[in-house]
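Spelled out from the first residue to the last, the chains are:
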Amino acid sequence: MKRSASNTPTRCFRCGKEGHMSYDCLEKFNPQNNDRRSTRSSAKVNNMAAETVQEGPEIMMTVSCTLVIETKSLKTNRLRRALIKKELGVSWDVELYGELLKIGGGKERMTAYFNQTGWPAKAPKTDEQRKEFIASLHKRKTELFMALIEKKLLPLRPGVQRLIDEALGKAVKVAVCSTSNEKAVSAIVSYLLGPDRAERITIFAGDVVPRKKPDPAIYILAATTLGVDPQSCVVVEDSTIGLAAAKAAGMKCIVTKSGYTAEEDFETADAVFDCIGDPPEVRFDLDFCANLLQKQYVS
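In this text the structure is predicted, and so the values were computed from the model without any measurement.

Q: How do you make sense of the pairing of strand 4 (residues 201-205) when you look at a structure like this?
A: Along any regular strand, the residues point their side chains to alternate faces of the sheet. The element strand 4 is largely enclosed, with a buried count of five among its five residues. Burial along strand 4 is two-sided: Ile 201, Ile 203 and Ala 205 facing one way and Thr 202 and Phe 204 facing the other are all buried. With five bridges connecting them, strand 3 (residues 174-178) and strand 4 associate as parallel partners. Pairing of Cys 177 across the sheet is with Phe 204, part of strand 4.

What follows is the structure, given as structure tokens:
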């Protein structure tokens, strides 16, 4: 069974309090002012990090486009079916969904869409009822996604399993950090990576943190829970909001572009590739991740 982070005792890197999450000590991240606030938050995390260097890089990955191959048409069709199922008469095309992906979290994405375009006539009228409505819609979407995973219609991206095996083989801690639903993330890890690997990978997903990417909370929680220095972590991401979250947490970040994010600006990434890659076309490996970390400890 995969490891979940929900009930793991933690100690804050910043204030040292037991059971207190480090993101509670950080100033709230403002996605509308990425450059200034991301740099400031990153500096705070760097100052609170332990002085000792970990022996190897801790690997953290996001889910969705980083782990599995999802074509634009397949992902859009999944969402369209979910919305039609609720008889809303709403359709998200490829371009629209690509824009919506800039908002972290499925429920947050749907809420933002309806707030901007107007709520359907059949939708509830009060905020609390709408929250429940979005949750039920998101649950149905997750069920459709999990069905695709169980049928293995969404394969792993090249190099994902290889890099994870390299890390686990050298006792490097591996975590999957995602704004996606925890059940969906667990399904990807269990079905596509297998139960043996899943038992050694800690998952941080869904509503485990109060603020989602580009806020760094998910990555700070992962580092705190696993007891590692954020500066010893290498994140593999696929989007600008994920990149912003990783950098604000004080971590190195490698971006593997996806069909939806290929045109996004990844100037602040430590490295950018089209995928992780398998032989004979390996893009990077665990040694590459370790070399990225060595650079930040050179005065």
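Having seen it, we continue.
Q: How should the packing of aromatic side chains be read in this particular structure?
A: Within a pair of aromatic rings, the relevant descriptors are the distance that separates the centres and the angle that separates the planes. According to the stated counting rule, one finds six aromatic pairs in the structure shown. Considering the side-chain rings of Phe 284 and Phe 288, the 5.9 Å spacing of their centres and the 45 degrees angle between planes classify their relative orientation as tilted. Within the aromatic cluster, the residues linked to one another by ring pairs are Tyr 113, Phe 114, Trp 119 and Phe 133.

Q: I would appreciate a short explanation of the side chain of Arg 130 in the present structure.
A: Within the secondary structure, Arg 130 is located in helix 5 (residues 127-150). Apart from residues lying up to four places away in sequence, Arg 130 is in contact with Trp 119, Pro 124 and Lys 125.

Q: Honestly, helix 6 (residues 160-169) in this entry has me stumped. Any pointers?
A: At 3.6 residues per turn, the α-helix brings residues three or four places apart onto the same side. Considered for burial, the residues of helix 6 that qualify are Val 160, Arg 162, Leu 163, Ile 164, Ala 167 and Leu 168. At the exit of helix 6 stands Ala 171, carrying a positive phi of roughly 60 degrees.

What counts, and where the lines are drawn
- Residues numbered from 1 in each chain as written.
- Predicted model: local features only at pLDDT ≥ 70, side-chain atom pairs only at ≥ 80, totals over all residues.
- Heavy atoms only, no water.
- Buried < 20%, exposed > 50% of the residue type's maximum accessible area, 1.4 Å probe, protein only.
- Helix = DSSP H or I, 4+ residues; strand = E, 2+ residues; numbered from the N terminus.
- Pairing = 2+ DSSP bridges.
- Phe/Tyr/Trp six-rings, centres within 6.5 Å; stacked < 30°, edge-to-face > 60°.
- Contact = heavy atoms within 4.5 Å.

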